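A structural walkthrough
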Amino acid sequence: MKIQFLGAAKTVTGSMHLLEVNQHRLLLDCGLFQGRRKESYRRNREFPFSPDDIDAVILSHAHIDHSGNLPNLVKQGYRGPIYTTHATAHLDNIMLLDSGYIHEKDAEYLNKKRQKQGKKPIEPLYTKEDAARVAPLFSSLHYRQGFEPVPGVRAKLVDAGHILGSAAVVLDIQENGRTFRLWFSGDIGREGLLLINDPVLPHRADYMIMECTYGDTKKREPDAAFEELKEVTQRTIRRKGRVIIPAFAVGRTQELVYSLHKMIENGDIPEIPVFVDSPLAIRASQVFREHPECFDQETQEFIAQDKHNAALGFDRLQYTLSVEESKAINYTKPPFVVISASGMAETGRILHHLKNHIEDSRNTILIVSWQAPHTLGRRLADQETDIRIFGKRYKRKAEVVTINGFSAHAGQEGLLAYAKATQDTLKEIFLVHGEPRGADPLMEKLKGVGFQKVSYPALGTTVELG
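Treat the numbers as computed from the prediction; the structure is a model and nothing was measured. (Residues numbered from 1 in each chain as written. Predicted model: local features only at pLDDT ≥ 70, side-chain atom pairs only at ≥ 80, totals over all residues. Heavy atoms only, no water.)

**Some points on the sheet that holds strand β14 (residues 336–340)**
Strand order in this open sheet of 6 strands is β13-β12-β14-β11-β15-β18, and the pairing throughout is parallel. Every other strand in the sheet has two partners, leaving β13 (317–319) and β18 (399–402) as the edge strands with one partner each. Taken over all neighbouring pairs, the strand axes of this sheet differ in orientation by 20° on average, direction set aside. In this sheet, strand β15 (residues 364–367) lies alongside strand β11 (residues 242–246) in parallel orientation, the contact comprising 2 bridges. Bridge pairing links isoleucine 244 to isoleucine 365 in β15. On top of the sheet, helix α11 (residues 350–357) reaches β11, β12 (274–277), β14 and β15; it is set at about 145° to β11, its chief contact. (Pairing = 2+ DSSP bridges. Helix = DSSP H or I, 4+ residues; strand = E, 2+ residues; numbered from the N terminus. Axes fitted to C-alpha atoms, helices over the stretch in contact; angles between N-to-C directions. Contact = heavy atoms within 4.5 Å.)

**So, helix α7 (residues 252–266)**
Over its 15 residues, α7 extends 21 Å from the first C-alpha to the last, a length consistent with the 21 Å expected when each residue adds 1.5 Å. Looking one or two residues beyond α7, the residue adopting positive phi is glycine 267, at roughly 80°. (Expected span 1.5 Å × (residues − 1).)

**Looking at the nonpolar core**
Side chains of a nonpolar character, in soluble globular proteins, are inclined to be buried together. Ranked by size, the top nonpolar core spans 108 residues in total, and within it Ile3 and Leu171 carry the most contacts. When neighbours within four sequence positions are excluded, leucine 171 is seen to be in contact with Leu19, Leu26, Leu28, Ile58, Val153, Arg154, Ala155, Phe180, Arg181 and Leu182. Cys212, Ala419, Ala439 and Tyr456 belong to the second-largest nonpolar core, a separate cluster that totals 24 residues. (Core = buried A, V, L, I, M, F, W, Y, C linked by side-chain atoms within 4.5 Å. Buried < 20%, exposed > 50% of the residue type's maximum accessible area, 1.4 Å probe, protein only.)

**As for a negative patch on the surface**
Together, Glu191, Asp198, Glu221, Asp223 and Glu413 make up a region of like negative charge exposed at the surface. Within the element layout of this structure, aspartate 198 appears in the loop between β9 (178–184) and β10 (207–211). (Patch = residues over 30% accessible without salt bridge, like charges linked within 9 Å, V, L, I, M, F, W, Y side chains within 5 Å. Areas by Shrake-Rupley, 256 points an atom, 1.4 Å probe, with all protein chains shown as cover. Salt bridge = Lys/Arg side-chain N within 4 Å of Asp/Glu carboxyl O. Lys, Arg positive; Asp, Glu negative; His and termini not counted. Charge placed at Lys NZ, Arg CZ, Asp CG, Glu CD.)

**Notes on the sheet that holds strand β6 (residues 138–141)**
Pairing is mixed in the open sheet, where 7 strands are placed in the order β6-β5-β4-β3-β2-β1-β21. Two strands bound the open sheet, and with one partner strand each, they are β6 and β21 (462–464). This sheet shows a mean twist of 25° between the axes of neighbouring strands, independent of strand direction. Running at roughly 105° to strand β5 (residues 82–85), helix α4 (residues 86–116) makes contact with β5 and β6 of the sheet.

**Quick look at unusual backbone geometry**
Both trends apply: most residues other than glycine have a negative phi, and most peptide bonds are in trans. Across the junction of proline 334 and proline 335, the peptide omega takes the value 10°, indicating a cis bond. Turning to its location among the elements, proline 335 is positioned in the loop between α10 (323–328) and β14. Cis geometry is adopted by the peptide bond preceding serine 342, which originates at alanine 341 and carries an omega value of 15°. The residue serine 342 is located in the loop between β14 and α11 in this model. In this structure, asparagine 22 takes a positive phi of about 50° despite not being glycine. With respect to the helices and strands, asparagine 22 occurs in the loop between β2 (16–21) and β3 (24–28). A positive phi angle is found at asparagine 176, which is not glycine, with a value near 50°. Among the structural elements, asparagine 176 can be located in the loop between β8 (167–175) and β9. Classification of asparagine 176 by relative accessible area gives exposed; the value is 77%.

**Some remarks on the pattern of salt bridges**
Applying the stated rule across the entire model yields 20 salt bridges. As a salt-bridge pair, arginine 133 and glutamate 129 come within 3.1 Å of each other at their nearest N and O atoms. Residue classification places arginine 133 among the partly exposed residues on the basis of a relative accessible area of 42%. The residue arginine 349 makes a salt bridge to aspartate 277 at a minimum N-O spacing of 2.7 Å. Of this pair, arginine 349 sits in the loop between β14 and α11 while aspartate 277 sits in strand β12, and the two are 72 residues apart along the sequence.

**Considerations on the packing of aromatic side chains**
As enumerated under the stated definition, the model contains 6 aromatic pairs in all. Their ring planes at 45° and their centres at 5.5 Å tell us that phenylalanine 5 and phenylalanine 430 sit as a pair that is tilted. Separated by 425 residues along the polypeptide, phenylalanine 5 in strand β1 (residues 2–7) and phenylalanine 430 in strand β19 (residues 428–432) bring together distant segments of the chain. Just as phenylalanine 5 is buried, phenylalanine 430 falls in that class too. With a centroid separation of 5.5 Å and 90° between ring planes, the pair formed by phenylalanine 275 and phenylalanine 336 is classed as edge-to-face. Pair noted here: phenylalanine 275 is in strand β12 and phenylalanine 336 is in strand β14, with a separation of 61 residues, a long-range link. (Phe/Tyr/Trp six-rings, centres within 6.5 Å; stacked < 30°, edge-to-face > 60°.)

**Things to note about the pairing of β10**
Where burial is concerned, most of β10 is hidden: 5 out of the 5 residues are buried. As judged from the 3 bridges shared by β9 and β10, these two strands associate in the parallel manner. In the sheet register, leucine 182 faces β10, and the bridge partner there is tyrosine 207. Here 5 bridges tie β10 to β19, and the two strands are oriented parallel to one another. Looking at β19, one finds that methionine 208 is bridged to isoleucine 429.

**Description of the pairing of β11**
Extensive coverage of β11 is indicated by the burial of 5 of its 5 residues. Residue alternation in β11 divides its side chains into two sets, Arg242, Ile244 and Pro246 and Val243 and Ile245, and both sets are buried. Pairing between β11 and β14: 5 bridges, direction parallel. Residue pairing in the sheet places proline 246 in a bridge with serine 340 of β14.

**Quick look at the side chain of serine 99**
Within the secondary structure layout, serine 99 lies in helix α4. Residue classification places serine 99 among the buried residues on the basis of a relative accessible area of 7%. Engagement of the side chain of serine 99 in a polar contact is seen with the side chain of tyrosine 126, the distance being 2.6 Å. When sequence neighbours within four positions are dropped, the list of residues in contact with serine 99 reads Leu32, Ile64 and Tyr126. (Polar contact = N/O pair within 3.5 Å; in protein donor to acceptor, adjacent residues only side chain to side chain.)

**Quick look at the side chain of lysine 219**
Here lysine 219 lies in the loop between β10 and α6 (222–238). One buried charged residue, lysine 219, forms no salt bridge at all, with the nearest opposite charge on aspartate 216 at 7.9 Å. Polar side-chain contacts of lysine 219 include one of 3.0 Å to the side chain of serine 407. Excluding residues that lie within four positions of it along the chain, lysine 219 makes contacts with Arg190, Tyr214, Ser407, His409, Ala410 and Gly411.

Structure, rendered in structure tokens:
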């Protein structure tokens, strides 16, 4: 069997690994590569294989860096099944449609500039219409339900504990008279995350493709993040301010809503208005509510005892879908909390909330995820005071607080525990989905606890197992 590492190789985006087994081709993930615009457009548009030669796809979870190029795969001829969990299929449908819309709008914006420069227009990578063609190909499965994606390969999906519906892929392979197990981790979650179950640890694996995003980082406990959120919210309420949170629509928004719900039910904070102001986050939250089978025992018990019988719904919570409802938030008497996209404060409704309230010292801007360099979110996290939004300069007077404990990725200790769970059978680990700063320290740690073969394949590397 051969493995080709065609994405998320020495980087954290564009997850895609091609297996050649028993003369069939099986693709693990089909993520969108995210980087410089020209390179991203080329790499996402040009597959290093013919899409109609792929026999099956297995999708680990719905994040765009793992699923976002499926519409292009289908657009270029793929017609086979896409195996994934029920929750991922449901969630990914809305995310891909949203992604298609963004690609259309980006192309429209760029073409206005290109027209003025006398250049030919470009086509979007894919459209909403292209994205809609993916959903009929989903073959949805329960966790641990066995299936045969290609002849000689028995597979099942187990909970990765990362986001709703996320899975590790377990492949029991028979080829040329030998049998072995390949374990693809997808993105590995953390123990104790809100809402969802802890990750299932690997067992009896011979080979493992494992993510290493935070292989250099010791993560803070989720309970500590909850306490920080509570303290920040209490402090802002006392000064009658607004808590403004740029948050990713899938996963982070739902964790924050559940945390605030628990605080209100516990009497930690008064029943203040909480707004979720992002159409994608609203649709994603509805998907969460429709998949309680993915919730952990603590959440199940909370729902059973809660007067609303819900984790993501309570009296003062408002989901604002329309532009008019979003604008009306500005006229709400503080204190209140508003959670809005985008997570790095680069686009979307969050920009309007920031520009309207950034110069008020009673308010708090709360950063709850990693912020890429050169984004507005990074400038806020870096405590800059001279802030430009929509081309206008603002003097930031609002308090800015960063809470790092909400990450849905395992840190170094969690990754080590994941690998060690199957150390007695594991022959080789391939590290993916991480930059060198994450991979190198993790490789050193893994070798230090007795793993002999740990590699960090470059893009395009092919390895043969056996």
